[in-house]
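Residue-level structural notes
Take a look at the letters that make up each chain.
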Amino acid sequence: ISTAELIDNAARKYGFPPAFVRAVVATESAYHADAISPKGAIGLMQLMPATARELGADPKNPAQNVDAGTRYLRDLLLKYENHAYHALAAYNAGPGAVDKYHGVPPYRETQNYILSVLRNWKKQQLAD
């Protein structure tokens, strides 16, 4: 099964447009299953080891990484009542930061992250 199929299957499973989850993956890892960030986030959806553990996933396994990352994104959307900016900010900076600032935190990295996901989503939609 291809990476694109893993992503699209997880997106449909958790009620997302596949192009949106592909945009998150493009932003997080540029589709590199073996990506590791300077902060230790792992894989296609750049899961932190503790988050992967909480979700019961092996972050080095691409299928588990994409499934858990997409499920986590869905959980964040539910937590923030479908406010996509808040969910994306929490995915990037952690729910604690979003709760502390009652919305998108004033972190340049997080604000740029949200804009990058939205740009990638638009590209993915045009490609579909």
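Residues numbered from 1 in each chain as written. Predicted model: local features only at pLDDT ≥ 70, side-chain atom pairs only at ≥ 80, totals over all residues. Heavy atoms only, no water.

1. Some thoughts on the confidence of the model for the protein
As a reminder, the rule being used: pLDDT runs from 0 to 100 and stands for how confident the predictor is about each residue. A run of H or I in DSSP counts as a helix once it spans at least four residues, and a run of E counts as a strand once it spans at least two, with each numbered from the N terminus.
Here the protein averages 96 in pLDDT, and 100% of its residues register 70 or above. Mean pLDDT per element in the protein: helix 7 (residues 108-127) is the minimum at 95, and helix 4 (residues 62-79) is the maximum at 98.

2. Things to note about the environment of leucine 118
As a reminder of what qualifies: Only protein chains enter the accessibility calculation, which uses a 1.4 Å probe; a residue whose area is less than 20% of its type maximum is buried, one above 50% is exposed, and one in between is partly exposed.
With respect to the helices and strands, leucine 118 occurs in helix 7. Since its relative accessible area comes to 24%, leucine 118 is described here as partly exposed. Taking the C-alpha atoms as reference points, leucine 118 and methionine 48, separated by 70 residues in sequence, lie 22 Å from one another.

3. Brief notes about the packing of aromatic side chains
As a reminder of what qualifies: Classification of ring pairs rests on two measures: the distance between centres of Phe, Tyr or Trp rings, Trp counted by its six-membered ring, which must be within 6.5 Å, and the angle between planes, read as stacked under 30 degrees, edge-to-face over 60 and tilted in between.
Tallied over the full model, the rule gives four aromatic pairs. Here phenylalanine 16 and phenylalanine 20 contribute two aromatic rings whose centre-to-centre distance is 5.7 Å and whose plane-to-plane angle is 15°, an arrangement assigned as stacked. The buried category is assigned to phenylalanine 20, whose relative accessible area is 7%. Relative to tyrosine 91, the ring of tyrosine 72 lies with its centre 5.7 Å away and its plane at 45°, an arrangement referred to as tilted. Pair noted here: tyrosine 72 is in helix 4 and tyrosine 91 is in helix 5 (residues 84-93), with a separation of 19 residues, a long-range link.

4. Things to note about the nonpolar core
Under the convention used in this document: Put simply, buried Ala, Val, Leu, Ile, Met, Phe, Trp, Tyr and Cys residues joined by side-chain atoms within 4.5 Å make one nonpolar core. Contacts are residue-level and defined by heavy atoms, with any inter-residue pair within 4.5 Å sufficient.
Judged by nonpolar contacts, the single largest core of 32 residues is most densely connected at Phe16, Val24, Leu88 and Tyr91. The greatest single-element share of this core, amounting to six residues, is contributed by helix 4. Ignoring any residue separated from it by four or fewer positions in sequence, one finds valine 24 in contact with Met45, Leu73, Leu88, Tyr91, Tyr113 and Val117.

5. Focus: the packing of helix 1 (residues 3-13) against helix 4
How we decide: Axis lines are fitted through C-alpha atoms, for helices just across the contact stretch, and the angle between N-to-C directions can take any value from 0 to 180 degrees. Under this scheme an angle from 65 to 115 degrees is roughly perpendicular, one under 35 degrees roughly parallel, and one over 145 degrees roughly antiparallel; angles in between are oblique. Note on convention: the crossing is left-handed when the near helix lies turned anticlockwise from the far helix by less than a right angle, right-handed when the turn is clockwise. Three classes are used: nonpolar for Ala, Val, Leu, Ile, Met, Phe, Trp, Tyr, Cys and Pro, charged for Asp, Glu, Lys and Arg, and polar for all others, with Gly counted as polar.
Between helix 1 and helix 4, the least distance of the axes is 9 Å, while the angle of their chain directions is 30°. Considered as vectors, helix 1 and helix 4 are oriented roughly parallel to each other. The element helix 1 and its partner helix 4 pack so that their crossing is right-handed. Contact with helix 1, carried on its side by Leu6, Ile7, Ala10, Ala11 and Lys13, involves Pro62, Ala63, Val66, Asp67 and Thr70 of helix 4 and no other residues of that element. Considered class by class, the residues forming the contact of helix 1 with helix 4 number seven nonpolar, one polar and two charged.

6. Digging into unusual backbone geometry
Phi at tyrosine 31 is positive, roughly 70°, even though this residue is not glycine. Among the secondary structure elements, tyrosine 31 is positioned in the loop between helix 2 (18-29) and helix 3 (49-54). Despite not being glycine, glutamate 81 shows a phi value in the positive range, around 50°. Among the secondary structure elements, glutamate 81 is positioned in the loop between helix 4 and helix 5.

7. Some remarks on the pattern of salt bridges
Under the convention used in this document: Any carboxyl oxygen of Asp or Glu within 4 Å of a side-chain nitrogen of Lys or Arg constitutes a salt bridge here.
The full count for this structure, using the stated rule, is six salt bridges. A salt bridge links aspartate 8 to arginine 22, with the shortest nitrogen-to-oxygen separation between them at 2.9 Å. With aspartate 8 in helix 1 and arginine 22 in helix 2, this residue pair connects regions lying 14 residues apart in the sequence. On the accessibility criterion, aspartate 8 (16% relative accessible area) is buried. Between arginine 71 and aspartate 67 there is a salt bridge, with its nearest N and O atoms 3.9 Å apart. Remark: aspartate 67 and arginine 71 occur in helix 4; sequence separation between them is four residues, near one turn of the helix. Residue arginine 71 is classed as partly exposed on the basis of its relative accessible area, which comes to 22%. Here the residues in one salt-bridge network are Lys13, Asp67 and Arg71, joined through shared partners.

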